[in-house]
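In case you want the letters, here they are:
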Amino acid sequence: DILGEWLQLTPTLLSLSSLSLPTGGSFFADVGVLQGEAGPLNSLQTARMLVDTGAQSSIISSNIAAKLNLPVEPDFTAEVCGIGGTSTVSGYYVDYVRINALGGALEFSHVPFVVVDMESSEGGSLDGVLGTNFFWNRNVVLEPTTTGSGYLHVSDPVPYAYIDLNFDDVVDVADFAILASAWGSTPS
């Protein structure tokens, strides 16, 4: 059987040499999540989440949802499409999320998460996924290593990342006119 004898030509794990480029792998961040007021009986929960800047939304597992004491009735539902097809899943607005990063922690409130149980690339179940809703207006550097000392560096919000070219806090036809007038004016 030819397929049974096939060997991968490139590794799927992070490169073991410090001077070579990684050709695969995944990046995880420790994230603090809290629902409701912090107190002796309601502390910040820690979750190890996959950072996926290409994911359209963020995900928590049913285990993390239970640790947060989320209600049975969801705040919203969402259609999720994956390899197995499309399904409707529960979604919740989590009161507080803290992502530790080089340059300072990122703190968010009222963050939408959908509840989906997934397998981790490290084995076992995945606590969650941090999607693009956290990073859409920031520069992100993922610094993976095989020693476990990698880090996530996230910039302050990039001003006017949503193409407000006249800086009036509204994206409208006036912004398009500025873009159109500059289009092709220089090679860059």
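You'll find the structure just up there.
Residues numbered from 1 in each chain as written. Predicted model: local features only at pLDDT ≥ 70, side-chain atom pairs only at ≥ 80, totals over all residues. Heavy atoms only, no water.

1. Considerations on the overall build of the protein chain
So, step 1. Tallying secondary structure elements over the protein chain gives 3 helices and 9 strands in all.
So, step 2. Mapped from its N terminus to its C terminus, the protein chain presents α and β elements in the order α-β-β-β-α-β-β-β-β-β-β-α.
So, step 3. Partitioning the intrachain contacts of the protein chain with sequence separation of at least 6 by distance along the chain shows that 48% fall at a separation of at least 24.
So, step 4. When the accessible surface of the protein chain is summed, it comes to about 12,400 Å², and 57% of that surface belongs to carbon and sulfur atoms. (Helix = DSSP H or I, 4+ residues; strand = E, 2+ residues; numbered from the N terminus. Contact = heavy atoms within 4.5 Å. Areas by Shrake-Rupley, 256 points an atom, 1.4 Å probe, with all protein chains shown as cover.)

2. Considering the nonpolar core
So, step 1. In terms of nonpolar packing, the biggest core is built from 27 residues, with V97, I99, L130 and F134 touching the most fellow members.
So, step 2. Elements with a contribution of two residues or more to this core: β1 (28-34), β2 (45-51), α2 (62-67), β5 (85-99), β6 (106-115) and β9 (151-154).
So, step 3. Among the elements that take part in this core, β6 stands out by supplying 5 residues, more than any other.
So, step 4. The residues contacting L130, other than those within four sequence positions of it, are A29, V31, M49, L50, V51, D52, T53, S58, I99 and F135.
So, step 5. In this structure, F28, L50, A55 and V89 belong to the second largest nonpolar core, which totals 8 residues. (Core = buried A, V, L, I, M, F, W, Y, C linked by side-chain atoms within 4.5 Å. Buried < 20%, exposed > 50% of the residue type's maximum accessible area, 1.4 Å probe, protein only.)

3. A short note on the side chain of Q35
So, step 1. Relative to the elements of secondary structure, Q35 occurs in the loop between β1 and β2.
So, step 2. Engagement of the side chain of Q35 in a polar contact is seen with the backbone oxygen of Y93, the distance being 3.5 Å.
So, step 3. In terms of polar contacts, Q35 uses its side chain to reach the backbone amide nitrogen of D95, at 2.9 Å. (Polar contact = N/O pair within 3.5 Å; in protein donor to acceptor, adjacent residues only side chain to side chain.)

4. Examining the pattern of salt bridges
So, step 1. What the rule picks out here adds up to 1 salt bridge.
So, step 2. E107 is the salt-bridge partner of R98, the closest N and O atoms lying 3.3 Å from each other. (Salt bridge = Lys/Arg side-chain N within 4 Å of Asp/Glu carboxyl O.)

5. Considering the packing of aromatic side chains
So, step 1. On inspection of all chains with the given rule, the structure shows 4 aromatic pairs.
So, step 2. Centre to centre, the rings of F76 and Y93 are 5.1 Å apart; their planes meet at 50°, and the pair counts as tilted. Here Y93 lies in strand β5 and F76 lies in strand β4 (residues 76-82), a separation of 17 residues in the sequence.
So, step 3. The class of F76 is partly exposed, set by a relative accessible area of 22%.
So, step 4. Ring centres of F113 and F134 lie 6.0 Å apart, and the angle between their planes is 50°; on these two criteria the pair is classed as tilted. Placement of the pair is F113 in strand β6 and F134 in the loop between β7 (128-130) and β8 (140-143), with a sequence separation of 21 residues. Of the two residues, F113 and F134, neither departs from the other in class, the shared state being buried.
So, step 5. Every member of this aromatic cluster is reached through a ring pair, and the members are F108, F113, F134 and F135. (Phe/Tyr/Trp six-rings, centres within 6.5 Å; stacked < 30°, edge-to-face > 60°.)

6. Details of the environment of G104
So, step 1. Among the structural elements, G104 can be located in the loop between β5 and β6.
So, step 2. Judged by relative accessible area, which is 34%, G104 ranks as partly exposed.
So, step 3. Counting along the chain gives 50 residues from G104 to V154, while the straight-line C-alpha distance between them is 8.4 Å.

7. Comments concerning the pairing of β6
So, step 1. For strand β3 (residues 58-60) and β6, the ladder comprises 3 bridges, and the chain directions are parallel. Across the sheet, residue I59 finds its bridge partner in β6, namely V114.
So, step 2. Here β5 runs beside β6; their pairing, made up of 8 bridges, is antiparallel. Among the inter-strand pairings, G91 is bridged to a residue of β6, identified as V114. (Pairing = 2+ DSSP bridges.)

8. Quick look at helix α3 (residues 173-182)
One turn of an α-helix holds 3.6 residues; hence residues three or four places apart share an orientation.
So, step 1. Its side-chain oxygen placed 3.2 Å from the backbone nitrogen of A174, D172 serves as the N-cap of α3.
So, step 2. Once α3 ends, the next one or two residues include G184, with phi positive near 75°.

Interpretation in functional terms is not warranted from these geometric data alone.
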